[in-house]
Protein chains: 2
Amino acid sequence: MQITSKFTTAVHILTCIDIFGDERRVTSDFLSGSTGVNAVIIRNVLSQLRTAGIVNTRQGSGGAHLAKALDEITLYDVYKAVDCVDDEGLFHFHENPNADCPVGRNIHRVMDGRLTAAQKAFENELKKTTLAQVVADTRKIISEE
Amino acid sequence: MQITSKFTTAVHILTCIDIFGDERRVTSDFLSGSTGVNAVIIRNVLSQLRTAGIVNTRQGSGGAHLAKALDEITLYDVYKAVDCVDDEGLFHFHENPNADCPVGRNIHRVMDGRLTAAQKAFENELKKTTLAQVVADTRKIISEE
DNA sequence: AAAGTTGTAATTTAATTTATTTCAACTTTC
DNA sequence: GAAAGTTGAAATAAATTAAATTACAACTTT
């Protein structure tokens, strides 16, 4: 199992908006070309980023723009925006444990706190990186090529 | 997306082996009844736990047994045993970034270290809990019921 | 008005996860 | 040593999810 590629796609998109935004319109079609991801999927991701207040887009006009500074956007914000993990959490519980079995009716509760802690540790790590850092690293590599 | 329920199923299985192992044979059929998971899936999970050196099973004889002490098995060991996350890692990269685009050909590399760190943080948290703790909590809840 | 773009719904395709079917090999017990 | 019960494993099916595709109305700019 893997976290949906919409997450890495979203980071790619935001990086492109910052790096190419000055010289050209960053349309879903352009982003589709850079990512190799279908333009409709790009528009869906942009739509989620817009709902999260991370980008601005407008019907007709073409070109996505950042709605906040890169150093105010963490990888966690993007992860949340594109809804990588739903309310059920990162772990999938087997759904029909037997309530007549003392283990079956309690195991979920016993594990829950510990699994949530693991998920939190993971998410907290994502909060440590801002898009500003990602873009800075990308610009550095490009300039050295 | 969610981590396969084989993981929580495996923890359930190990808990049952410890709690019921003294009074009865813990067969795949019994475990299927307690978990609500198909008996063949149970046998597959047991097979993975056996490969990891966590349980012993034998053809014909019936009944799984722990191959090591509960306090020597962490949630991480179980997670690894049932192969929740493959070599590709927890995050799924979009697979066809455009090598002609300076962002496209570098973004993977830029993100990789940070995403690996998040995965590591998550896995390290799983290493903090042993099955001994899970079973102790389970026994406590059962005794208070 | 024309060209290009976004937003969104509906559908299809592909991949993955879980369940099911089947049966040979093995153990224990009577 | 035959019967009953079990594991191991392969093959297949069903269900779920992710990603791509098709289609088109609404909007902006020129």
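Residues numbered from 1 in each chain as written. Chains lettered and ligands numbered in written order. Predicted model: local features only at pLDDT ≥ 70, side-chain atom pairs only at ≥ 80, totals over all residues. Heavy atoms only, no water.

### What about the pattern of salt bridges?
Per the counting criterion, the structure on display carries 8 salt bridges over all chains. The partner of A:Glu125 in a salt bridge is A:Lys128, with the nearest N and O atoms 3.1 Å apart. Residue class for A:Lys128 comes out exposed when judged on its relative accessible area of 57%. A salt bridge links B:Arg114 to A:Asp137; the shortest N-O distance between them is 2.7 Å. A residue pair is termed interchain when its members come from two chains, as with B:Arg114 in helix α5 (residues 107–127) and A:Asp137 in helix α6 (residues 131–144). (Salt bridge = Lys/Arg side-chain N within 4 Å of Asp/Glu carboxyl O. Buried < 20%, exposed > 50% of the residue type's maximum accessible area, 1.4 Å probe, protein only. Helix = DSSP H or I, 4+ residues; strand = E, 2+ residues; numbered from the N terminus.)

### Some points on the protein's contact with DNA strand C
The environment of DNA strand C is made up of 26 residues, and the closest members are A:Ser28, A:Thr57, B:Thr4, B:Ser5 and B:Asn38. Each atom of DNA strand C within 4 Å of the protein was classed as base or backbone; sugar and phosphate made up 70%. One nitrogen or oxygen atom from the side chain of A:Arg50 is found 3.3 Å from a phosphate oxygen belonging to DNA strand C. Between DNA strand C and A:Gly63 there is a distance of 3.5 Å, counted from a phosphate oxygen to a backbone nitrogen or oxygen. (Near = heavy atom within 4 Å. Polar contact = N/O pair within 3.5 Å; in protein donor to acceptor, adjacent residues only side chain to side chain.)

### Side note on the side chain of A:Thr8
Tracing the backbone through its elements, the reader meets A:Thr8 in helix α1 (residues 6–20). A polar contact of 3.1 Å, which involves the side chain of A:Thr8, links it to the backbone oxygen of B:His92. Sequence-distant contacts of A:Thr8, that is, excluding residues within four places in its chain, are made with B:His92, B:Phe93, B:His94, B:Met111 and B:Leu115. (Contact = heavy atoms within 4.5 Å.)

### Structural notes on the packing of aromatic side chains
Summed over all chains, the structure comprises 13 aromatic pairs over all chains. Ring geometry for A:Phe7 against A:Tyr79: centres 6.4 Å apart, planes inclined by 90°, an arrangement best described as edge-to-face. Pair noted here: A:Phe7 is in helix α1 and A:Tyr79 is in helix α4 (residues 75–81), with a separation of 72 residues, a long-range link. A:Tyr79 carries the same exposure label as A:Phe7, and that label is buried. Taken together through their ring pairs, the aromatic side chains of A:Phe7, A:Tyr76, A:Tyr79, A:Phe91, A:Phe122, B:Phe7, B:Tyr76, B:Tyr79, B:Phe91 and B:Phe122 make up a single cluster. (Phe/Tyr/Trp six-rings, centres within 6.5 Å; stacked < 30°, edge-to-face > 60°.)

These results come straight from atomic positions and should not be treated as a statement about function.
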